[in-house]
Each structure stands twice: as structure tokens, then as C-alpha cells.
Amino acid sequence: MAKAPKILKRSESKGEEEHDDGTANSRDEGINVALSWFLHNNCTSNVQIATLSNVCRGWRKIATDAVASEALELANDDNVSEQSSTLRTLLVTDMARGLVIRQKGPVEDNNTDGSFCLAWFAPSGIQLTSVSLEDDDDDGNDNGAHVVSITKTTKSNSSSKKVTCCNEWRGYTHASEVLIPMGFATSFVHGVFDATSKLAFGEDTSPMTTTSSSSLSPSTSSSSTQNNSPSHEYNTTFSVRGASLARPEGFCLCLDGDYIEHTHSSNFQKPPHASTETTPSNVDDWMVEYLDDPSLVDEGLSSIQRAKKQRDLGRILLPRVIMSTRRKYPLLHRFADTDDDRKLTQPSNGNKLPRLDQINPRGSPHKHLTFEKRQRSVQFLNPDRSQAVRMITPKFDCGPVDGPITAFVVAVSTEDGCFFSGRSCRYEFGHMYPTSSRDMQNDMSPICIATGKNTEGKQDKSRTKPMPSRSFDSSSEDDVDSSFSDQSMHCLCKFDSGDPFQPRDPSVDDTTEDCTYRGRMGPGLWHCYTAVFDGQNSIIRVDGSNEPSQTREDFDDEDDIDDADKACNASKYVGSGSLDGLTIGSDHQFDMSLCYGEIEGESGQGAIAELAIFKGRMEQDDIEQVEKHLMEKHGILSAKEKVEYITKENSNRSKPINIESHWQEDEWTRQAHALIDQRPPWKLVSEPIPLRVLANHPTVVWQRVSQITGVPMRIARIGARKSNGSSDW
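What counts, and at which threshold
- Residues numbered from 1 in each chain as written.
- Predicted model: local features only at pLDDT ≥ 70, side-chain atom pairs only at ≥ 80, totals over all residues.
- Heavy atoms only, no water.
- Phe/Tyr/Trp six-rings, centres within 6.5 Å; stacked < 30°, edge-to-face > 60°.
- Buried < 20%, exposed > 50% of the residue type's maximum accessible area, 1.4 Å probe, protein only.
- Helix = DSSP H or I, 4+ residues; strand = E, 2+ residues; numbered from the N terminus.
- Lys NZ or Arg CZ within 6 Å of the ring centre and 35° of its normal.
- Salt bridge = Lys/Arg side-chain N within 4 Å of Asp/Glu carboxyl O.
- Expected span 1.5 Å × (residues − 1).
- Contact = heavy atoms within 4.5 Å.
- Axes fitted to C-alpha atoms, helices over the stretch in contact; angles between N-to-C directions.
- Parallel < 35°, antiparallel > 145°, perpendicular 65-115°, else oblique.
- Nonpolar A, V, L, I, M, F, W, Y, C, P; charged D, E, K, R; others polar.
- Pairing = 2+ DSSP bridges.
- Left-handed = near helix turned anticlockwise from the far one by under 90°.
- Disulfide = S-S within 2.5 Å.

## Comments concerning the packing of aromatic side chains
Inference 1: Here the structure, examined in full by the defined rule, presents 13 aromatic pairs.
Inference 2: On the numbers, 5.8 Å between centres and 10° between planes, the contact of Phe184 with Phe188 is stacked. Comparing Phe184 with Phe188 shows no difference in burial state: the two are buried.
Inference 3: Ring geometry for Phe419 against Phe429: centres 6.1 Å apart, planes inclined by 85°, an arrangement best described as edge-to-face. Linking Phe419 in strand β12 (residues 417-421) with Phe429 in strand β13 (residues 427-431), this pair joins segments that are ten residues apart in sequence. The burial state of Phe419 is the same as that of Phe429; both residues are buried.
Inference 4: An aromatic cluster is defined as three or more aromatic residues linked by ring pairs; in this entry it consists of Phe419, Phe420, Tyr427, Phe429, Tyr529 and Phe533.
Inference 5: Of note, Arg241 hangs over the ring of Phe116, and the distance from its end group to the ring centre comes to 4.0 Å.

Rendered as C-alpha cells:
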């Protein structure tokens, strides 16, 4: 007998479809039970729960309740050691737990277990300021006009003697800013926070009434990273628990008028480091000592004098702000660079169209690929390019965190340089520590991560010495050792800034192989870099592709080297140290900076467009999702997409262009530098290198644009006495 068709009806009270035979309800209950079991026992990535919560309202409700219950249980018992649910390792669960803790009152959240966002600095948070390179000696009745203020550079006030710089980098602080790139819907994020608050404090409670709504999602009127709150009030939240503010070293909050007024208020509390005997009693005394002007000790600093000092420091310490080049992979433009292809697109009047590799600054038309984008970036050179600078964050509000750590960086380095490191200890990510004499000679090391060593729960002290500051009672300025002091002077704000001009401690040792993990890709182009600091399970990814690991070239006699440098122990202790803050644009000792000042041309330059740091080892799904978000945002093709693009373009050409894998192209580029730059007796040999690669070397190329900004670079004529990149043959 045939089964009667199911009759559907909509319940007026619940708005749900029901079946008269009840079988559908039983089936739905079974699905709900299975979904709940999966969430608690097998949901290991943020992408998984984001996908499930976007299926339908019913599944979103189940996911919301599951996360809220786990978050509340964690908030009530931070010492839970047994991971009874996989949901406890997710970012949204940790945020909901932190929300409940903050709602309970002024209680510090010192739990650094699990996974959470430590810092995320995006292009939208780069604060702009215009710095004049002219030396203005008029410091009379200017009413503080010399203050390096945040202004928007326009055509009317732009000048060849003014440079756009960054005086502050504001990071993400909102939950939605961190979670939406992983696929979460804003409604689900708010629903989780509402459900958690109601479970903890009752049905009449919501996050909007117990905590600042700015911690949940950015305002519709202005971006969170561009709000007008004073810098000393721009703090971390339960969503971003490490650091939300970065400043050039030596250009800290103590220079801001708002902060100076705050220090005189009744609710001002000195940072923990400000209780030492070597710390001045107030900001003005600190500035007098820090700026090394004893004549101002008795008189103090007026607002005009302070403003002038701030301006002078800005000329030395502020990094430049640039726009990244659209053409982050120039080889793709070769598909429209041949004479045959250009003939097909010549206008009827006979005028030639500009070549794609010629960018006319006067505005002539030129083609861009559809995926190419430009973003605001920080270049770690001071305004006149005379020296390298770096930025620092305060020590993490959540305290030092142990590995594993997951980091994402969208950056470019033309030579060896460090993208970021810890504040007071080694936690480095960049192009460093070459594997061969060739890479050492040309400063083109592979991508690498390196940390301090913690073998028995004790950090290696040789890597955690505090940065010493200027020693005023030193008998000789030429004596480097005499400039170091056991006691160091620090500022009075949370940045705990020392003297940026003071030489660093030379006793800190270089890294060893057991604290180092290397990939294969060298410097030269914009990339989306990813690293997981996790011992011998560490990984490095470039543009969505895993990098094969490398070690230094074999030693002549491996029996004579220390165990720490043996290849078998490579990366054993990577991530075993602690990360206590961020140094951006250099290593923590300022020994390996991303940029080098006073170098003509483009050598030794680099820039960072975005930086995100997470506590914990992120799942593969989450890593790929964040990489996809960053690459789309910055106009970078993944390694797989490059291959697909090249294959598609070659299929439409009569003469295909042979472009090898990104690793092969990078190896040819580094080998071309070595062959051309090598010195007598020219013993270096290599496999054959395509002429197109050798012809793009800076010393012989005929047309050149910056790999960082895309701006045309002047090429001197062959044989000219003064050249900035052309051949002198």
C-alpha cells in the first residue's frame, strides 16, 4: 500500500513546519542531536562552525547555544584542564568567555590557554601625519604649530619637502573584525554574546548593557581603527587581548598632550614598570632626560618647546607611509608585452599604446589586471630615508604567551630583513639566517622563523635582557661598553619605551639551528606569509602554499659542531620561548631591520601592509580562510591561482610564455644576482638561467619600477658617472 503524502502546516506560535505523521519531527530531532554532538566533539576549526551556523536559522540556534554553554563553563572555571569539548579551542568561544569575565567586574583575564587573537594591524588603522623636511628655527609665538598633527595630505598642502608618515598604528579591537574574515556572520557573533550573557546573568541582560558595544562590532559611522578616541584610551578588548596600538619606538604616548593631561588627573595610575628608581617622577622630567637637554631641568618644558621637540623627533623616528604596488607579481604582465599582442590593439591613428610595464606618472592610460589592488602600507624608513626605524607595541595586556603561535604578514622585503619579533625576546619572522654562502653574499635569505629557547620552563636569559637606554654618566661616548647600564630609564606610559638611539646589548647570541625553521622562498616581491611557531611541527606558507623546510649547508665535520646546530635537531625549540609583545619592522635588538637607510636605489627596503598574530596553532581550514581573505584584500594570487592564470593565458597565445613554478622563478632570480654581483675569480657556477631573468637585474635593466610601490625609477644612461641602477658598462 502506498504511503500517504505528507501534509505540511505552519505552526502559528513557532513558525516551523510540522508533519501530521510526526516522522519529520523525529528526523529533525535526530539531526539536531547529531549536529550538537558534532559541535561538541568534532568541530575543530572556526571555519567549520561558521559554515554550519550559516546553513539555516535552526542550525545557527544550535551552534549559538553550544558555544554559549561552553563559554560560560570556561568563564566559571578557568582551570579546566580536560578539553571536554572541541568548541573550547575556537576564537568565538574564547571571546564569549572573555565577555562574561569583563561583565563580572574589574577582574584581570590572565588565562592564556586556548586560542585567541593577540593583535591584528590592518591598513585602515595606519594613522597619517605630514612631516616637513624643512628645518624651521622659529620657535617663538607659534602656539604649538610645530606639533606633528594628524592631517590629510591634499594637493593644496602637498610639497616635495613634506612626507606622509605614520605616528600610530591602531589595530582591530572588535569581535566582528576578527571573525568575519573567517566566514562568521555578524548576526551569529552577536547572538553568541547575547546568549552567553543571558546564561550568566539572566534573561534581561545583554552585552550592550553590560559592556561597551564598540567591543562587539565597529560603528557604522566610522571604522574602529579610525575613531577619535585619545591614544591612551585605545585599549585591548576581550576580542583582541594582546595589543591594539603600535607606535614608533621613542615616539610614545609621553609626547601627546592628551596623555600629559591624563597624567595629572586623579585616576592616573603609573604602569608597573614606572615604579623603578630610574624612572622620572613625571613626564616633563622624563622628556628632559630623554631628550638630553639639561638646560631645561630647572625651567621645565613649555607647550611650545614640547611641540618643537615632538616635531624634531618625528623627523627622525616616524616611518613613511606608502601605497603598495598593484603589480605584486610582475611576470603575469609579460602576457601583454610582446609586439604581436600590441599590434592587435593599436588605435587607427597609428599612435602606439603604452607598454604595460611603463607606468607614466602623468596619467597616461595603462592596464591593470582585475585582481590587482593597492593598500596603505608602512615602510620602515624615517622621512628623509636616512635611517631605519621600527614600531613597538606595549607588553601584551594578557601577559606573555607561550607557543604555539600563528602569524600572518602581508609584506615585501627586497633584501634580508625581519618583519616582526617579540618585545624583549627573540620571536622573529622574516628573511634571515642564510642557508648558503651565495645567499649570505647577496643578502637574499629564505623566509625563516626563529625564537628563543626554553628547555625546562626557563627562558634563555641571554635573549631576554631589557633594552638599555642612554647612560648620562658615561665617561666616553666612544666606548660602546660604557654606554650599557644594569639600570635603564624608561618612559611613563604603557609602551615602556627606552632610548631608540642607544646601541643594543652585543652579548645576545645568534640563533641556532634547533631554534630556527626555514622555508625556501627568497625576498623581492609582495607576499602573504604565514607561520606556525610549533617546534618541529612548525610550518611556513607563502601565498597559500606550504614551504619545504631547509637547513644550513652541511658542515665539513658534523662531529665537531654543537648539538644545537646539527641538522637533525633543526626547529626543535621553535616556539618554546614566550612572546610578550611585538617589535614591528625589526628584530627585538634592532640588529636586523626590515629597511636600511642611506642606500641609493631600492636595495634594503621593505614594507608591511597587514599583520595578524594568534595564540595557538590554527587549524588548516582557518589558515587557508584567513590567507584567502588577505590575498583578496591586497590583490595577491595564490600559488595555485598563478598556475591557473598562466595556463589560461598561454592557451590564447601563438607563442606561449614559459613561466616556471614560483620556487623556480625565485631561485633563478637569486642565482642571477649572484652571477652578476660575484667578485673575482668568478668561481660561481649554476644551471642555465633564462635571459629574461638576467635582463631584469637592477644593474642592466632598461626600464624599472619599484617592486614596493610600482613608481617608475630613474635609470641613468650607460656609462654615466653617477648611476642609480643602470649599467655602467
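## A few points about the pattern of salt bridges
Inference 1: One pass over the structure, following the stated rule, counts 23 salt bridges.
Inference 2: Glu168 serves as the salt-bridge partner of Arg170, at 2.7 Å between the closest nitrogen and oxygen. Take Arg170 and Glu168: they sit in the same class, and that class is buried.
Inference 3: When salt bridges that share partners are traced, they join Arg438, Asp439, Asp666, Glu667 and Arg670 into one network.

## Considering helix α13 (residues 620-634)
Inference 1: Under the 1.5 Å per step criterion, the end-to-end length of α13 is 21 Å for 15 residues, consistent within 8% with the ideal 21 Å.
Inference 2: Taken together, the buried residues of α13 touch α2 (46-53), β3 (116-121), β11 (405-413), β16 (527-533), β17 (539-542) and β21 (606-615).
Inference 3: Positive backbone phi, at 70°, marks Gly635, one or two positions downstream of α13.

## Observations concerning the packing of α2 against helix α3 (residues 57-76)
The relative placement of two packed helices is expressed as an angle between their axes plus a distance between the axes.
Inference 1: Interaxial distance between α2 and α3 falls to 7 Å at its minimum, and their mutual angle equals 140°. The orientation of α2 relative to α3 falls into the category oblique. From α2, Ile49, Leu52 and Ser53 reach across to α3, where they touch Trp59, Arg60, Ala63 and Val67.
Inference 2: When the residues that make up the contact of α2 with α3 are grouped by side-chain class, the tally is five nonpolar, one polar and one charged.

## With respect to the pairing of strand β6 (residues 245-248)
Inference 1: Alignment of strand β5 (residues 162-170) against β6, held across two bridges, turns out to be antiparallel. Bridge pairing in β6 places Arg170 opposite Leu245.
Inference 2: Strand direction decides the pairing type here: β6 and strand β9 (residues 391-392), joined by two bridges, are antiparallel. Each bridged residue has a counterpart across the sheet, and for Pro248 the counterpart in β9 is Met391.

## Regarding the packing of α3 against helix α4 (residues 91-104)
Inference 1: Two elements in contact, α3 and α4, have axes whose closest approach is 8 Å; the angle formed by their N-to-C orientations is 50°. In this view, α3 runs oblique relative to α4, as classed from their interaxial angle. By crossing handedness, the relation of α3 to α4 is classed as right-handed. Residues Val67, Glu70, Ala71, Leu72, Leu74, Ala75 and Asn76 of α3 touch α4, and the partners they reach there are Val92, Thr93, Ala96, Arg97, Val100, Ile101 and Lys104.
Inference 2: Considered class by class, the residues forming the contact of α3 with α4 number nine nonpolar, two polar and three charged.

## As for helix α15 (residues 662-677)
Inference 1: Counted at 1.5 Å a residue, the expected span for α15 with its 16 residues is 22 Å, and the 23 Å between its end C-alpha atoms agrees.
Inference 2: Where α15 is concerned, the buried positions are His662, Trp663, Glu665, Asp666, Trp668, Arg670, Gln671, Ala672, His673 and Ala674.
Inference 3: On its buried face, α15 sits against α12 (437-442), β18 (545-546), α14 (639-650) and α16 (691-694).

## A look at the state of the cysteines
Simply put, the disulfide is a covalent bond whose two ends are the sulfur atoms of two cysteines.
Inference 1: Taken as a whole, this structure holds zero disulfides when the rule is applied.
Inference 2: Free of any disulfide, Cys165 has its nearest cysteine sulfur in Cys166, 8.6 Å distant.

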